[in-house]
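Descriptive analysis of the structure
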Amino acid sequence: MEDRARAARALVFLYVDRVLVGVAALKRPTATYRDGKFRAAGVSALKSTYSLELGWVFVPPDHRGRHYSRVLVSAVMSQADNAPLFATTRSDNPAMQRSLENVGFARAGKAWKSKRGDYELVLYLAPPPNSR
Ligand SMILES: CC(C)(COP(=O)(O)OP(=O)(O)OC[C@H]1O[C@@H](n2cnc3c(N)ncnc32)[C@H](O)[C@@H]1OP(=O)(O)O)[C@@H](O)C(=O)NCCC(=O)NCCS
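Reading the values: rules and limits
Residues numbered from 1 in each chain as written. Predicted model: local features only at pLDDT ≥ 70, side-chain atom pairs only at ≥ 80, totals over all residues. Helix = DSSP H or I, 4+ residues; strand = E, 2+ residues; numbered from the N terminus. Rg over C-alpha atoms; globule rule 2.2 N^0.38 Å. Buried ≥ 20, exposed ≤ 12 C-beta atoms within 10 Å, placed from the backbone. Contact = placed C-beta atoms within 7 Å. Pairing = 2+ DSSP bridges. Axes fitted to C-alpha atoms, helices over the stretch in contact; angles between N-to-C directions. Near = placed C-beta within 6 Å. Nonpolar A, V, L, I, M, F, W, Y, C, P; charged D, E, K, R; others polar. Parallel < 35°, antiparallel > 145°, perpendicular 65-115°, else oblique. Left-handed = near helix turned anticlockwise from the far one by under 90°.

Regarding the overall build of the protein chain
Looking only at helices and strands, one finds four helices and six strands in the protein chain. Secondary structure of the protein chain in N-to-C order comes out as α-β-β-α-β-α-β-α-β-β. Its C-alpha atoms give the protein chain a radius of gyration of 14 Å, within 12% of the compact-globule value 14 Å for 132 residues. Taken along its principal axes, the extent of the C-alpha atoms in the protein chain is 45 × 30 × 30 Å. Burial analysis of the protein chain (132 residues in total) assigns 26% to the buried set. Put simply, of all contacts in the protein chain between residues at least 6 apart along the chain, 62% involve residues at least 24 apart.

Structure below.
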């Protein structure tokens, strides 16, 4: 995990009154990882456009519901120099989906079942392919 964090293009830390209230990252995933997500979503034809991933978004439970994820996601976007980004999130995570949609992401392809648990994942892209 440390290696992956060091390889990230940007790590974002949000502090309010000197308290850490959220983190997020602009990740440089391997092509194998990226290709797997796009294949699972059924949109492999789009994969080569998207080499950076917005992820590791986390707001501690006590600090949720205050639009901090919107701030975090916007900060990550500002580090991307307008490069196309992808993100994945659980299909049952409306707060994360709303945060992504607020900054221009749109859902792409179909949901797929996670290998890590009993939930589905969805792929989001910014900009969406039909807007380029
Ligand atoms: C997902 C997570 C980052 C959201 O953080 P947060 O700071 O509480 O989110 P926000 O307060 O910024 O809310 C995000 C948006 O979702 C909306 N929202 C929240 N709950 C919602 C719900 N149940 N249905 C629809 N929209 C919802 C909010 O109104 C807000 O939209 P707005 O800014 O347009 O009003 C946080 O819950 C978390 O860390 N979860 C665990 C880790 C995780 O799931 N990370 C995402 C991995 S991809």
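Thoughts on the sheet that holds strand E1 (residues 10-16)
Within a sheet, neighbouring strands are paired by backbone hydrogen bonds and run either parallel or antiparallel to one another. Ordered in space as E1-E2-E3-E4-E6-E5, the six strands form an open sheet in which the pairing is mixed. With partners counted over all chains shown, the strands left at the sheet margins are E1 and strand E5 (106-113), one partner each. On average, each strand axis in the sheet is tilted by 25° relative to the strand beside it, whichever way the strands run. Pairing of strand E3 (residues 52-58) with strand E4 (residues 85-90), which is carried by two bridges, proceeds in the parallel orientation. The residue bridging Leu-52 from the neighbouring strand is Leu-85, located in E4. Packed on one face of the sheet, helix H3 (residues 68-78) meets E1, strand E2 (19-27) and E3 and runs near 40° to E2.

Notes on the pairing of strand E6 (residues 120-126)
Counting buried residues in E6 gives five out of seven residues, a clear majority hidden from the surface. Judged from the five bridges that link them, E5 and E6 form a sheet pairing that is antiparallel. Following the sheet pairing, Ala-106 is matched in E6 by Leu-125. Counted between consecutive antiparallel strands, the loop separating E5 from E6 contains six residues.

A few points about the site of the ligand
By nearness alone, 18 residues border the ligand, and Arg-64, Ser-69, Pro-94, Ala-95 and Arg-98 come closest of all. Those elements that place two or more of their residues in the shell around the ligand are E3, H3 and helix H4 (94-102). The biggest single contributor to the shell around the ligand is H4, with six residues. Of the residues belonging to the shell around the ligand, the class tally is seven nonpolar, seven polar and four charged.

Considerations on the packing of H3 against H4
Remark: H3 packs on H4, axes separated minimally by 9 Å, with the N-to-C direction vectors making an angle of 45°. If you check the angle between H3 and H4, you find them oblique. Regarding H3 and H4, the two cross each other, and that crossing is right-handed. Facing Ser-69, Arg-70 and Val-73 of H3, the residues of H4 in contact are Ala-95, Met-96, Ser-99, Leu-100 and Asn-102. In terms of residue class, the contact of H3 with H4 is made up of four nonpolar, three polar and one charged.

Read these as layout, nothing more, since geometry by itself doesn't imply function.
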